[in-house]
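One-letter residues, chain by chain:
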Amino acid sequence: MQPRRFTLSGPLRGRIRVPGDKSISHRAIMLSALAVGESRIQGLLEGEDVLATAAAMRAMGAQVERTGEGEWRVDGVGVGSLLQSQVALEMGNSGTSTRLLMGLIASHPITATFVGDASLSKRPMGRVIEPLSLMGASFEASPGAKGIQTLPLMLRGALPAVPIRYTLPVASAQVKSAVLLAGLNTPGITTVVEPVPTRDHSERMLRGFGAELDVEIEADGTRVISVRGEAELKPQNVTVPGDPSSAAFFMVAGLIVPGSEIVIENVGLNPTRAGLVSVLRDMGGDIEETNAREVGGEPVADLVVRHSSLRGIEVDPALAPSMIDEFPVLFVAAALAEGRTVTRGLDELRVKESDRLAAMATALGAAGARVEERADGLVVEGSGGEPLRGTDHAIATHLDHRIAMAMAVAGIASHAGVEIDDTRPISTSFPTFEPMLDGLAQGRGAP
Ligand code: S3P
(Lines give C-alpha, C1' and ligand atoms only; values in the text may rest on other atoms or scores of the structure.)
Protein backbone atom coordinates (compact mmCIF):
# COMPACT_ATOMS: atom_id res chain seq x y z
CA MET A 1 0.00 0.00 0.00
CA GLN A 2 1.21 3.49 -0.84
CA PRO A 3 -1.03 6.06 0.85
CA ARG A 4 -0.95 9.78 0.04
CA ARG A 5 -2.88 12.88 1.10
CA PHE A 6 -3.84 15.28 -1.69
CA THR A 7 -4.32 18.80 -0.29
CA LEU A 8 -5.98 22.12 -1.19
CA SER A 9 -4.28 23.56 -4.24
CA GLY A 10 -3.73 27.08 -5.54
CA PRO A 11 -4.61 27.75 -9.19
CA LEU A 12 -3.52 25.09 -11.69
CA ARG A 13 -1.47 26.60 -14.51
CA GLY A 14 0.48 25.27 -17.45
CA ARG A 15 0.40 22.87 -20.38
CA ILE A 16 0.30 19.10 -20.13
CA ARG A 17 0.20 16.23 -22.57
CA VAL A 18 -1.58 13.15 -21.27
CA PRO A 19 -0.27 9.69 -22.21
CA GLY A 20 -1.57 7.54 -25.05
CA ASP A 21 -5.10 6.16 -25.12
CA LYS A 22 -5.37 2.89 -23.22
CA SER A 23 -8.03 1.30 -25.45
CA ILE A 24 -6.15 2.19 -28.64
CA SER A 25 -2.79 1.08 -27.18
CA HIS A 26 -4.11 -2.43 -26.40
CA ARG A 27 -5.53 -2.77 -29.89
CA ALA A 28 -2.38 -1.42 -31.55
CA ILE A 29 -0.25 -4.11 -29.87
CA MET A 30 -2.74 -6.90 -30.60
CA LEU A 31 -3.29 -6.08 -34.28
CA SER A 32 0.43 -5.44 -34.89
CA ALA A 33 1.15 -8.82 -33.35
CA LEU A 34 -1.32 -10.42 -35.79
CA ALA A 35 -0.06 -8.65 -38.92
CA VAL A 36 2.63 -10.28 -41.04
CA GLY A 37 5.78 -8.17 -40.68
CA GLU A 38 6.96 -5.17 -38.71
CA SER A 39 4.66 -2.47 -37.31
CA ARG A 40 5.78 0.65 -35.45
CA ILE A 41 3.73 2.29 -32.70
CA GLN A 42 4.25 5.81 -31.39
CA GLY A 43 2.68 7.35 -28.31
CA LEU A 44 1.87 3.95 -26.78
CA LEU A 45 0.58 4.11 -23.20
CA GLU A 46 3.26 2.42 -21.10
CA GLY A 47 0.91 1.65 -18.20
CA GLU A 48 0.75 -1.74 -16.54
CA ASP A 49 -2.44 -2.78 -18.35
CA VAL A 50 -0.93 -2.30 -21.81
CA LEU A 51 2.33 -3.92 -20.72
CA ALA A 52 0.26 -6.99 -19.74
CA THR A 53 -1.10 -7.13 -23.31
CA ALA A 54 2.44 -6.76 -24.73
CA ALA A 55 3.75 -9.58 -22.53
CA ALA A 56 0.87 -11.86 -23.55
CA MET A 57 1.45 -11.27 -27.27
CA ARG A 58 5.16 -11.98 -26.73
CA ALA A 59 4.27 -15.21 -24.92
CA MET A 60 2.24 -16.22 -27.99
CA GLY A 61 5.06 -15.68 -30.46
CA ALA A 62 5.12 -12.01 -31.52
CA GLN A 63 8.26 -9.92 -31.11
CA VAL A 64 7.27 -6.87 -29.13
CA GLU A 65 10.06 -4.43 -28.34
CA ARG A 66 10.32 -0.96 -26.82
CA THR A 67 12.60 1.25 -28.93
CA GLY A 68 12.12 4.61 -27.12
CA GLU A 69 9.68 6.54 -24.96
CA GLY A 70 6.24 5.41 -26.15
CA GLU A 71 7.89 3.92 -29.25
CA TRP A 72 7.47 0.24 -29.93
CA ARG A 73 8.33 -2.19 -32.72
CA VAL A 74 6.18 -5.28 -33.20
CA ASP A 75 6.94 -8.17 -35.52
CA GLY A 76 3.67 -10.04 -35.99
CA VAL A 77 3.03 -13.74 -36.47
CA GLY A 78 0.02 -13.49 -38.81
CA VAL A 79 -3.66 -14.27 -38.15
CA GLY A 80 -3.98 -17.99 -37.38
CA SER A 81 -0.38 -18.39 -36.21
CA LEU A 82 -0.48 -17.49 -32.54
CA LEU A 83 1.57 -19.98 -30.53
CA GLN A 84 0.57 -21.74 -27.37
CA SER A 85 1.95 -19.78 -24.38
CA GLN A 86 4.13 -21.86 -22.07
CA VAL A 87 3.06 -19.78 -19.09
CA ALA A 88 -0.22 -18.49 -17.69
CA LEU A 89 -1.19 -15.10 -19.12
CA GLU A 90 -0.82 -12.58 -16.28
CA MET A 91 -3.49 -9.96 -16.83
CA GLY A 92 -2.89 -7.94 -13.65
CA ASN A 93 -5.74 -5.42 -13.29
CA SER A 94 -6.68 -5.32 -16.98
CA GLY A 95 -10.18 -6.32 -18.07
CA THR A 96 -9.53 -5.07 -21.60
CA SER A 97 -6.45 -7.28 -22.05
CA THR A 98 -8.35 -10.27 -20.71
CA ARG A 99 -11.56 -9.97 -22.72
CA LEU A 100 -9.95 -8.97 -26.03
CA LEU A 101 -7.29 -11.68 -25.80
CA MET A 102 -9.95 -14.27 -25.00
CA GLY A 103 -11.48 -13.30 -28.33
CA LEU A 104 -8.20 -13.58 -30.23
CA ILE A 105 -7.35 -16.96 -28.76
CA ALA A 106 -10.87 -18.40 -29.15
CA SER A 107 -10.33 -19.03 -32.87
CA HIS A 108 -6.75 -20.36 -32.60
CA PRO A 109 -5.95 -24.05 -31.92
CA ILE A 110 -4.26 -23.27 -28.58
CA THR A 111 -5.13 -23.20 -24.93
CA ALA A 112 -4.46 -20.38 -22.50
CA THR A 113 -4.80 -19.80 -18.79
CA PHE A 114 -5.73 -16.30 -17.65
CA VAL A 115 -4.93 -15.02 -14.16
CA GLY A 116 -5.38 -11.57 -12.64
CA ASP A 117 -5.21 -9.50 -9.45
CA ALA A 118 -7.88 -9.44 -6.74
CA SER A 119 -9.95 -6.80 -8.56
CA LEU A 120 -9.89 -8.48 -11.98
CA SER A 121 -10.58 -11.89 -10.43
CA LYS A 122 -13.98 -10.63 -9.22
CA ARG A 123 -15.11 -9.31 -12.62
CA PRO A 124 -17.66 -11.10 -14.83
CA MET A 125 -16.26 -13.05 -17.78
CA GLY A 126 -19.55 -14.75 -18.75
CA ARG A 127 -20.27 -11.87 -21.12
CA VAL A 128 -17.41 -13.00 -23.40
CA ILE A 129 -17.57 -16.72 -22.60
CA GLU A 130 -21.11 -16.84 -23.99
CA PRO A 131 -20.48 -15.62 -27.57
CA LEU A 132 -17.05 -17.25 -27.80
CA SER A 133 -18.58 -20.61 -26.77
CA LEU A 134 -21.11 -20.19 -29.59
CA MET A 135 -18.10 -19.85 -31.89
CA GLY A 136 -16.76 -23.19 -30.63
CA ALA A 137 -14.26 -22.26 -27.89
CA SER A 138 -14.49 -24.00 -24.52
CA PHE A 139 -13.85 -22.61 -21.07
CA GLU A 140 -13.23 -23.63 -17.50
CA ALA A 141 -13.83 -20.56 -15.35
CA SER A 142 -13.73 -20.10 -11.59
CA PRO A 143 -17.01 -19.60 -9.74
CA GLY A 144 -17.38 -16.05 -8.44
CA ALA A 145 -19.94 -14.33 -6.22
CA LYS A 146 -23.62 -14.79 -7.20
CA GLY A 147 -22.74 -17.58 -9.64
CA ILE A 148 -20.71 -15.42 -12.06
CA GLN A 149 -17.79 -16.83 -14.05
CA THR A 150 -14.43 -15.31 -13.19
CA LEU A 151 -10.65 -15.65 -13.49
CA PRO A 152 -8.58 -17.75 -13.17
CA LEU A 153 -9.90 -19.40 -16.29
CA MET A 154 -8.72 -21.79 -18.94
CA LEU A 155 -9.67 -21.35 -22.58
CA ARG A 156 -9.39 -23.87 -25.38
CA GLY A 157 -9.65 -22.27 -28.80
CA ALA A 158 -11.50 -23.85 -31.73
CA LEU A 159 -10.22 -24.49 -35.24
CA PRO A 160 -12.13 -23.87 -37.32
CA ALA A 161 -14.29 -21.55 -35.24
CA VAL A 162 -17.89 -20.99 -36.32
CA PRO A 163 -18.99 -17.55 -37.52
CA ILE A 164 -21.90 -16.08 -35.55
CA ARG A 165 -24.26 -13.14 -35.63
CA TYR A 166 -24.35 -11.88 -32.08
CA THR A 167 -26.49 -9.15 -30.54
CA LEU A 168 -24.77 -7.53 -27.56
CA PRO A 169 -26.87 -7.94 -24.40
CA VAL A 170 -24.82 -5.20 -22.64
CA ALA A 171 -23.33 -2.05 -24.16
CA SER A 172 -19.73 -3.24 -24.07
CA ALA A 173 -16.91 -2.44 -26.48
CA GLN A 174 -14.92 -5.22 -24.87
CA VAL A 175 -17.50 -7.87 -25.75
CA LYS A 176 -17.94 -6.42 -29.26
CA SER A 177 -14.17 -6.43 -29.78
CA ALA A 178 -13.73 -9.96 -28.42
CA VAL A 179 -16.20 -11.32 -31.00
CA LEU A 180 -14.73 -9.28 -33.88
CA LEU A 181 -11.19 -10.38 -32.99
CA ALA A 182 -12.31 -14.01 -32.83
CA GLY A 183 -13.89 -13.43 -36.25
CA LEU A 184 -10.49 -12.59 -37.75
CA ASN A 185 -9.48 -16.26 -37.82
CA THR A 186 -12.97 -17.69 -38.44
CA PRO A 187 -14.05 -18.73 -41.93
CA GLY A 188 -16.89 -16.58 -43.31
CA ILE A 189 -18.47 -13.47 -41.85
CA THR A 190 -18.78 -12.78 -38.13
CA THR A 191 -21.34 -10.13 -37.20
CA VAL A 192 -21.93 -8.12 -34.04
CA VAL A 193 -25.19 -6.24 -33.63
CA GLU A 194 -24.82 -3.27 -31.34
CA PRO A 195 -28.10 -1.65 -30.24
CA VAL A 196 -26.27 1.06 -28.25
CA PRO A 197 -23.05 2.37 -29.84
CA THR A 198 -19.85 1.92 -27.84
CA ARG A 199 -16.27 3.01 -28.55
CA ASP A 200 -15.35 2.08 -32.11
CA HIS A 201 -11.54 1.87 -31.92
CA SER A 202 -11.54 -1.81 -32.91
CA GLU A 203 -13.52 -1.10 -36.06
CA ARG A 204 -11.29 1.85 -37.05
CA MET A 205 -8.08 -0.01 -36.41
CA LEU A 206 -9.15 -3.30 -38.00
CA ARG A 207 -9.86 -1.35 -41.19
CA GLY A 208 -6.55 0.48 -40.85
CA PHE A 209 -4.73 -2.88 -40.75
CA GLY A 210 -6.55 -4.02 -43.90
CA ALA A 211 -9.34 -6.23 -42.53
CA GLU A 212 -12.59 -6.29 -44.50
CA LEU A 213 -15.02 -4.73 -42.08
CA ASP A 214 -18.47 -3.37 -42.77
CA VAL A 215 -20.64 -1.18 -40.57
CA GLU A 216 -24.32 -0.65 -41.32
CA ILE A 217 -26.35 1.77 -39.26
CA GLU A 218 -30.06 0.96 -39.07
CA ALA A 219 -32.84 3.55 -38.78
CA ASP A 220 -32.99 3.22 -34.97
CA GLY A 221 -29.21 3.71 -34.63
CA THR A 222 -28.40 -0.01 -34.20
CA ARG A 223 -24.96 -0.76 -35.63
CA VAL A 224 -24.37 -4.01 -37.51
CA ILE A 225 -20.65 -4.70 -37.73
CA SER A 226 -19.32 -7.55 -39.88
CA VAL A 227 -15.78 -8.77 -40.32
CA ARG A 228 -14.59 -11.23 -42.96
CA GLY A 229 -12.52 -14.02 -41.46
CA GLU A 230 -9.23 -15.62 -42.43
CA ALA A 231 -8.06 -12.06 -42.75
CA GLU A 232 -4.57 -10.99 -43.66
CA LEU A 233 -3.46 -7.96 -41.69
CA LYS A 234 -0.79 -5.66 -43.09
CA PRO A 235 1.74 -4.06 -40.75
CA GLN A 236 1.17 -0.37 -40.00
CA ASN A 237 2.67 2.71 -38.40
CA VAL A 238 0.25 3.65 -35.64
CA THR A 239 0.26 6.93 -33.72
CA VAL A 240 -1.80 6.71 -30.54
CA PRO A 241 -3.64 9.92 -29.54
CA GLY A 242 -3.81 11.11 -25.91
CA ASP A 243 -6.36 9.37 -23.67
CA PRO A 244 -9.57 11.39 -23.05
CA SER A 245 -10.20 9.23 -19.98
CA SER A 246 -6.88 10.41 -18.50
CA ALA A 247 -7.44 14.01 -19.63
CA ALA A 248 -10.79 13.87 -17.77
CA PHE A 249 -9.11 14.20 -14.35
CA PHE A 250 -7.39 17.41 -15.42
CA MET A 251 -10.49 18.79 -17.14
CA VAL A 252 -12.37 18.54 -13.85
CA ALA A 253 -9.38 19.72 -11.78
CA GLY A 254 -9.02 22.83 -13.98
CA LEU A 255 -12.75 23.58 -13.74
CA ILE A 256 -13.09 23.26 -9.96
CA VAL A 257 -9.88 24.90 -8.64
CA PRO A 258 -10.37 28.71 -8.60
CA GLY A 259 -8.03 30.73 -10.82
CA SER A 260 -6.98 27.74 -12.94
CA GLU A 261 -6.25 27.85 -16.64
CA ILE A 262 -4.58 24.83 -18.24
CA VAL A 263 -3.98 23.44 -21.69
CA ILE A 264 -4.27 19.69 -22.24
CA GLU A 265 -2.60 18.82 -25.54
CA ASN A 266 -3.42 16.04 -27.97
CA VAL A 267 -6.68 14.76 -26.46
CA GLY A 268 -8.55 12.08 -28.44
CA LEU A 269 -12.12 13.28 -29.09
CA ASN A 270 -13.66 10.31 -30.87
CA PRO A 271 -17.44 10.92 -30.44
CA THR A 272 -17.82 7.46 -28.83
CA ARG A 273 -15.51 8.71 -26.03
CA ALA A 274 -16.19 12.43 -25.68
CA GLY A 275 -19.38 12.42 -23.56
CA LEU A 276 -17.72 14.05 -20.55
CA VAL A 277 -16.76 17.17 -22.50
CA SER A 278 -20.38 17.84 -23.46
CA VAL A 279 -21.69 17.08 -19.95
CA LEU A 280 -19.15 19.42 -18.33
CA ARG A 281 -20.06 22.14 -20.83
CA ASP A 282 -23.76 21.65 -19.98
CA MET A 283 -22.76 22.18 -16.35
CA GLY A 284 -21.23 25.54 -17.33
CA GLY A 285 -17.62 24.38 -17.79
CA ASP A 286 -15.37 26.51 -19.99
CA ILE A 287 -13.58 23.99 -22.22
CA GLU A 288 -12.28 25.27 -25.53
CA GLU A 289 -11.06 23.04 -28.34
CA THR A 290 -8.12 24.35 -30.36
CA ASN A 291 -5.88 22.93 -33.04
CA ALA A 292 -8.42 20.25 -34.11
CA ARG A 293 -6.73 17.59 -36.26
CA GLU A 294 -6.59 13.85 -36.93
CA VAL A 295 -4.05 11.52 -35.30
CA GLY A 296 -3.93 7.81 -36.14
CA GLY A 297 -7.39 7.93 -37.76
CA GLU A 298 -8.95 9.53 -34.65
CA PRO A 299 -10.12 13.14 -34.09
CA VAL A 300 -7.86 15.04 -31.66
CA ALA A 301 -7.67 18.60 -30.26
CA ASP A 302 -5.91 20.60 -27.56
CA LEU A 303 -8.26 21.59 -24.74
CA VAL A 304 -8.06 24.91 -22.91
CA VAL A 305 -9.79 24.53 -19.53
CA ARG A 306 -10.60 27.51 -17.28
CA HIS A 307 -12.05 27.58 -13.78
CA SER A 308 -15.85 27.81 -14.00
CA SER A 309 -18.84 27.94 -11.70
CA LEU A 310 -20.52 24.61 -12.37
CA ARG A 311 -24.23 23.85 -11.96
CA GLY A 312 -25.77 20.44 -11.32
CA ILE A 313 -27.65 18.73 -14.15
CA GLU A 314 -29.52 15.53 -14.97
CA VAL A 315 -27.10 13.47 -17.02
CA ASP A 316 -28.76 11.79 -20.03
CA PRO A 317 -28.29 8.01 -19.56
CA ALA A 318 -27.87 7.69 -23.34
CA LEU A 319 -24.50 9.42 -22.94
CA ALA A 320 -23.20 6.78 -20.51
CA PRO A 321 -21.33 4.56 -23.02
CA SER A 322 -19.44 7.60 -24.37
CA MET A 323 -18.15 8.49 -20.89
CA ILE A 324 -18.37 5.18 -19.04
CA ASP A 325 -14.93 5.51 -17.41
CA GLU A 326 -15.40 9.20 -16.57
CA PHE A 327 -18.20 8.94 -13.98
CA PRO A 328 -15.93 8.80 -10.92
CA VAL A 329 -14.46 12.21 -11.77
CA LEU A 330 -17.81 13.58 -12.97
CA PHE A 331 -19.15 12.85 -9.45
CA VAL A 332 -16.31 15.03 -8.09
CA ALA A 333 -17.30 17.88 -10.45
CA ALA A 334 -20.92 17.42 -9.28
CA ALA A 335 -19.83 17.62 -5.62
CA LEU A 336 -18.39 21.11 -6.28
CA ALA A 337 -21.27 22.35 -8.48
CA GLU A 338 -24.23 24.50 -7.47
CA GLY A 339 -27.34 22.33 -7.02
CA ARG A 340 -28.13 18.71 -7.67
CA THR A 341 -26.68 16.32 -10.25
CA VAL A 342 -28.66 13.17 -11.02
CA THR A 343 -27.19 10.19 -12.85
CA ARG A 344 -28.93 6.95 -13.78
CA GLY A 345 -28.61 3.95 -16.08
CA LEU A 346 -25.14 3.24 -14.71
CA ASP A 347 -25.47 -0.43 -13.62
CA GLU A 348 -22.27 -1.23 -15.58
CA LEU A 349 -20.25 0.90 -13.14
CA ARG A 350 -20.79 -1.81 -10.53
CA VAL A 351 -18.64 -4.29 -12.51
CA LYS A 352 -15.64 -2.12 -13.37
CA GLU A 353 -12.27 -2.35 -11.56
CA SER A 354 -14.42 -1.79 -8.45
CA ASP A 355 -18.10 -1.12 -7.80
CA ARG A 356 -17.64 2.51 -8.77
CA LEU A 357 -21.06 3.67 -7.55
CA ALA A 358 -20.47 2.30 -4.06
CA ALA A 359 -16.79 3.28 -3.96
CA MET A 360 -17.43 6.91 -5.00
CA ALA A 361 -20.50 7.32 -2.78
CA THR A 362 -18.46 6.19 0.23
CA ALA A 363 -15.31 8.13 -0.66
CA LEU A 364 -17.05 11.42 -1.51
CA GLY A 365 -19.29 11.05 1.55
CA ALA A 366 -16.17 10.64 3.72
CA ALA A 367 -14.80 13.87 2.19
CA GLY A 368 -17.96 15.78 3.22
CA ALA A 369 -19.96 15.69 -0.03
CA ARG A 370 -23.71 14.99 0.06
CA VAL A 371 -24.23 11.87 -2.01
CA GLU A 372 -27.13 9.44 -2.30
CA GLU A 373 -26.41 6.03 -3.80
CA ARG A 374 -29.22 4.53 -5.88
CA ALA A 375 -29.30 1.15 -7.63
CA ASP A 376 -28.20 2.56 -11.00
CA GLY A 377 -26.59 5.92 -10.25
CA LEU A 378 -25.65 8.62 -7.74
CA VAL A 379 -27.44 11.80 -6.80
CA VAL A 380 -24.98 14.48 -5.72
CA GLU A 381 -25.93 17.72 -3.94
CA GLY A 382 -23.12 20.16 -4.82
CA SER A 383 -21.29 22.57 -2.50
CA GLY A 384 -21.72 25.55 -4.84
CA GLY A 385 -17.97 25.84 -5.32
CA GLU A 386 -17.05 25.76 -1.62
CA PRO A 387 -14.14 23.28 -1.13
CA LEU A 388 -15.15 19.97 0.44
CA ARG A 389 -14.35 19.32 4.11
CA GLY A 390 -11.78 16.60 3.37
CA THR A 391 -11.22 13.23 5.04
CA ASP A 392 -9.99 12.30 8.50
CA HIS A 393 -9.05 8.78 7.39
CA ALA A 394 -7.70 7.14 4.24
CA ILE A 395 -10.44 6.37 1.72
CA ALA A 396 -10.51 2.92 0.11
CA THR A 397 -9.71 2.81 -3.60
CA HIS A 398 -10.33 -0.96 -4.00
CA LEU A 399 -7.42 -1.42 -6.49
CA ASP A 400 -9.20 0.99 -8.84
CA HIS A 401 -7.01 3.58 -10.58
CA ARG A 402 -9.93 5.82 -11.48
CA ILE A 403 -11.23 5.98 -7.90
CA ALA A 404 -7.71 6.95 -6.77
CA MET A 405 -7.34 9.71 -9.38
CA ALA A 406 -10.88 11.04 -8.95
CA MET A 407 -10.39 11.33 -5.18
CA ALA A 408 -6.98 12.98 -5.70
CA VAL A 409 -8.83 15.65 -7.69
CA ALA A 410 -11.40 15.93 -4.86
CA GLY A 411 -8.47 16.35 -2.46
CA ILE A 412 -7.08 19.43 -4.19
CA ALA A 413 -10.51 21.05 -3.81
CA SER A 414 -10.93 20.23 -0.10
CA HIS A 415 -10.03 22.12 3.11
CA ALA A 416 -8.37 19.26 4.98
CA GLY A 417 -7.23 17.24 1.97
CA VAL A 418 -8.20 13.71 0.96
CA GLU A 419 -6.08 10.75 1.94
CA ILE A 420 -6.06 7.80 -0.44
CA ASP A 421 -5.16 4.35 0.87
CA ASP A 422 -3.09 3.32 -2.15
CA THR A 423 -1.83 5.29 -5.15
CA ARG A 424 -0.12 2.32 -6.82
CA PRO A 425 -3.09 1.30 -9.02
CA ILE A 426 -2.74 4.67 -10.80
CA SER A 427 0.13 3.17 -12.83
CA THR A 428 -2.22 0.77 -14.57
CA SER A 429 -3.41 3.61 -16.83
CA PHE A 430 -1.55 6.83 -15.98
CA PRO A 431 1.92 6.39 -14.44
CA THR A 432 2.73 10.14 -14.70
CA PHE A 433 -0.52 11.40 -13.11
CA GLU A 434 0.94 12.53 -9.78
CA PRO A 435 3.94 14.51 -11.13
CA MET A 436 1.61 16.13 -13.69
CA LEU A 437 -0.87 17.21 -11.02
CA ASP A 438 1.92 18.45 -8.75
CA GLY A 439 3.50 20.33 -11.71
CA LEU A 440 0.26 22.16 -12.53
CA ALA A 441 -0.23 23.09 -8.86
CA GLN A 442 3.24 24.67 -8.93
CA GLY A 443 2.27 26.63 -12.05
CA ARG A 444 4.31 24.60 -14.47
CA GLY A 445 2.87 21.93 -16.71
CA ALA A 446 4.68 18.92 -18.07
CA PRO A 447 4.21 18.57 -21.81
C1 S3P B 1 -12.83 -0.57 -22.98
C2 S3P B 1 -14.20 -0.61 -22.89
C3 S3P B 1 -14.95 -0.22 -21.69
C4 S3P B 1 -14.10 0.57 -20.70
C5 S3P B 1 -12.73 -0.01 -20.53
C6 S3P B 1 -12.00 -0.09 -21.86
C7 S3P B 1 -12.18 -1.01 -24.23
O8 S3P B 1 -15.41 -1.40 -21.05
O9 S3P B 1 -14.74 0.65 -19.44
O10 S3P B 1 -11.96 0.79 -19.64
O11 S3P B 1 -10.99 -0.71 -24.43
O12 S3P B 1 -12.85 -1.65 -25.05
P13 S3P B 1 -16.78 -2.10 -21.51
O14 S3P B 1 -16.71 -2.26 -22.96
O15 S3P B 1 -16.84 -3.40 -20.80
O16 S3P B 1 -17.86 -1.15 -21.07
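Residues numbered from 1 in each chain as written. Predicted model: local features only at pLDDT ≥ 70, side-chain atom pairs only at ≥ 80, totals over all residues. Heavy atoms only, no water.

Trainee: How should I be thinking about helix 6 (residues 201-208) in this particular structure?
Mentor: Three or four residues apart is the spacing at which side chains of an α-helix point the same way, because the helix has 3.6 residues per turn. Among the residues making up helix 6, those that are buried are His201, Ser202, Glu203, Met205 and Leu206. For helix 6, the elements touching its buried residues are helix 1 (22-34), helix 5 (173-183), strand 12 (213-217), strand 13 (223-228), strand 14 (237-239) and strand 17 (298-306). (Buried < 20%, exposed > 50% of the residue type's maximum accessible area, 1.4 Å probe, protein only. Helix = DSSP H or I, 4+ residues; strand = E, 2+ residues; numbered from the N terminus. Contact = heavy atoms within 4.5 Å.)

Trainee: Just checking my understanding: could you explain helix 9 (residues 327-336) for this structure?
Mentor: Counted residue by residue, helix 9 has 10 buried out of 10 residues, so it is predominantly covered. Restricting attention to buried positions, one finds in helix 9 the residues Phe327, Pro328, Val329, Leu330, Phe331, Val332, Ala333, Ala334, Ala335 and Leu336. Tucked into the core, helix 9 has its buried residues touching helix 7 (244-256), helix 8 (275-282), strand 18 (340-342), helix 10 (356-366), strand 20 (377-381) and helix 11 (401-411).

Trainee: Any chance you could explain a negative patch on the surface here in plain terms?
Mentor: Together, Asp214, Glu216, Glu218 and Asp220 make up a region of like negative charge exposed at the surface. Mapped onto the fold, Asp214 is located in strand 12. Of the residues examined, Asp214 reaches a relative accessible area of 48% and is grouped as partly exposed. (Patch = residues over 30% accessible without salt bridge, like charges linked within 9 Å, V, L, I, M, F, W, Y side chains within 5 Å. Areas by Shrake-Rupley, 256 points an atom, 1.4 Å probe, with all protein chains shown as cover. Salt bridge = Lys/Arg side-chain N within 4 Å of Asp/Glu carboxyl O. Lys, Arg positive; Asp, Glu negative; His and termini not counted. Charge placed at Lys NZ, Arg CZ, Asp CG, Glu CD.)

Trainee: How should I be thinking about the pattern of salt bridges in this particular structure?
Mentor: When the charged atoms of two side chains lie near each other, side chains of opposite charge can form a pair. Summed over all chains, the structure comprises 34 salt bridges. In this structure, the salt-bridge partner of Glu353 is Arg123, at a minimum N-O distance of 3.8 Å. With Glu353 in the loop between strand 18 and helix 10 and Arg123 in the loop between strand 7 (111-115) and helix 4 (126-134), this residue pair connects regions lying 230 residues apart in the sequence. Judged by relative accessible area, which is 9%, Glu353 ranks as buried. A residue is classified by how much of its surface remains accessible, and Arg123, at 5% relative accessible area, is buried. Note that Glu203 is salt-bridged to Arg223, the shortest N-O span being 3.6 Å.

Trainee: It is not clear to me how the site of the ligand should be interpreted in this structure. Could you clarify?
Mentor: Taken together, Lys22, Ser23, Arg27, Thr96, Ala171, Ser172, Ala173, Gln174, Arg199, Ile324, Asp325 and Lys352 make up the full set of residues adjacent to the ligand. Here an oxygen atom of the ligand and a backbone polar atom of Ala173 are 2.7 Å apart. The separation between an oxygen atom of the ligand and a polar side-chain atom of Lys352 is 2.7 Å. Taking 380 Å² as the accessible area of the ligand by itself, protein coverage stands at 96%. In a pocket analysis with a 2 Å cut-off to the grid points, the ligand is assigned to the largest pocket. Taken together, the elements giving at least two residues each to the shell around the ligand come down to helix 1 and helix 5. For the shell around the ligand, the per-class residue count stands at 3 nonpolar, 4 polar and 5 charged. Here the shell around the ligand spans two domains, since at least three of its residues come from each of domain 1 (4-20 + 241-441) and domain 2 (22-227). (Near = heavy atom within 4 Å. Polar contact = N/O pair within 3.5 Å; in protein donor to acceptor, adjacent residues only side chain to side chain. 1 Å grid on protein atoms, 1.4 Å probe; cavity = no way out; pocket = protein on both sides within 12 Å on 5 of 7 lines; lining within 4 Å. Sits in = over half its atoms within 2 Å of the grid points. Nonpolar A, V, L, I, M, F, W, Y, C, P; charged D, E, K, R; others polar. Domains from an automatic or database assignment.)

Trainee: Please explain the pairing of strand 17 as it appears in this structure.
Mentor: In the case of a regular strand, side chains alternate between the two sheet surfaces. Along strand 17, 7 of the 9 residues are buried, which leaves the element largely enclosed by surrounding structure. Pairing of strand 16 (residues 286-295) with strand 17 involves 8 bridges; the strand directions are antiparallel. Bridge pairing links Thr290 to Asp302 in strand 17. What sits between strand 16 and strand 17 in their antiparallel hairpin is a turn of 2 residues, with Gly296 showing a positive phi close to 55 degrees. (Pairing = 2+ DSSP bridges.)

Trainee: Is there a simple way to think about the environment of Glu289 in this case?
Mentor: Mapped onto the elements, Glu289 comes out in strand 16. A relative accessible area of 41% places Glu289 in the partly exposed class. Distance from Glu289 to Glu194, taken between C-alpha atoms, is 30 Å for residues 95 residues apart in sequence. With residues near it in sequence (within four places) discarded, Glu289 still touches Leu269, Val277, Arg281, Ala301, Asp302 and Leu303. Only 3.1 Å separates the side chain of Glu289 from the side chain of Arg281, close enough to count as a polar contact.

Trainee: Whenever I open this one, the sheet that holds strand 15 (residues 261-268) confuses me. Can you help?
Mentor: One key point about sheets: their strands pair by backbone hydrogen bonds, in either a parallel or an antiparallel sense. Strand order in the open sheet formed by 4 strands is 2-15-17-16, and the pairing between neighbours is mixed. The strands lining the two open edges of the sheet, one partner per strand, are strand 2 (13-17) and strand 16. Going across the sheet, the axis of each strand differs from the next one's by a mean of 15 degrees, ignoring polarity. When strand 15 meets strand 17, the two strands line up antiparallel, connected through 6 bridges. Across the sheet, the residue bridging to Ile262 is Val305, located in strand 17. The sheet contacts of helix 7 involve strand 2, strand 15, strand 16 and strand 17, and relative to strand 15 the element is tilted by about 165 degrees. (Axes fitted to C-alpha atoms, helices over the stretch in contact; angles between N-to-C directions.)

Trainee: Mind showing me how you'd approach the domain arrangement of the protein chain here?
Mentor: For an interface, size is often stated in terms of accessible area lost upon the parts coming together. The assigned domain composition of the protein chain is domain 1 (4-20 + 241-441) and domain 2 (22-227). Each of domain 1 and domain 2 was reduced to a C-alpha centroid, and the two centroids are 28 Å apart. Opposite the 26 residues of domain 1 that make contact, domain 2 presents 26 residues. Carbon and sulfur atoms make up 48% of the area that domain 1 and domain 2 hide from each other, which totals about 2000 Å². For the pair domain 1 and domain 2, the number of links is 4 salt bridges. (Buried area = accessible area lost by both parts, 1.4 Å probe.)

Trainee: What's the story with the environment of Gly126 in this structure? I'm lost.
Mentor: Here Gly126 is to be found in helix 4. Measuring from C-alpha to C-alpha, the distance between Gly126 and Gln149 comes to 5.4 Å, with 23 residues separating the pair along the chain.

Trainee: What exactly am I supposed to notice about the environment of Val379 here?
Mentor: One can find Val379 in strand 20. For the pair Val379 and Arg344, spaced 35 residues apart in sequence, the C-alpha separation works out to 8.6 Å. In this structure, Val379 is in contact with Arg340, Thr341, Val342, Arg370, Val371, Glu372 and Arg374, ignoring residues within four places of it in sequence.

Trainee: Explain the packing of aromatic side chains here, please?
Mentor: Ring pairs (aromatic) are described by centroid distance and by the angle formed between their planes. Within the structure shown, the criterion is met by 5 aromatic pairs. Consider the rings of Phe250 and Phe433, whose centres lie 5.5 Å apart with planes at 45 degrees: the pair is tilted. Here Phe250 is found in helix 7, whereas its partner Phe433 is found in helix 12 (residues 433-441), with 183 residues between them in sequence. With respect to class, Phe250 is no different from Phe433; both count as buried. Plain terms: the ring middles of Phe430 and Phe433 are 5.6 Å apart, the flat faces sit at 65 degrees to each other, and that makes the pair edge-to-face. By relative accessible area, which is 0% here, Phe433 ends up buried. (Phe/Tyr/Trp six-rings, centres within 6.5 Å; stacked < 30°, edge-to-face > 60°.)

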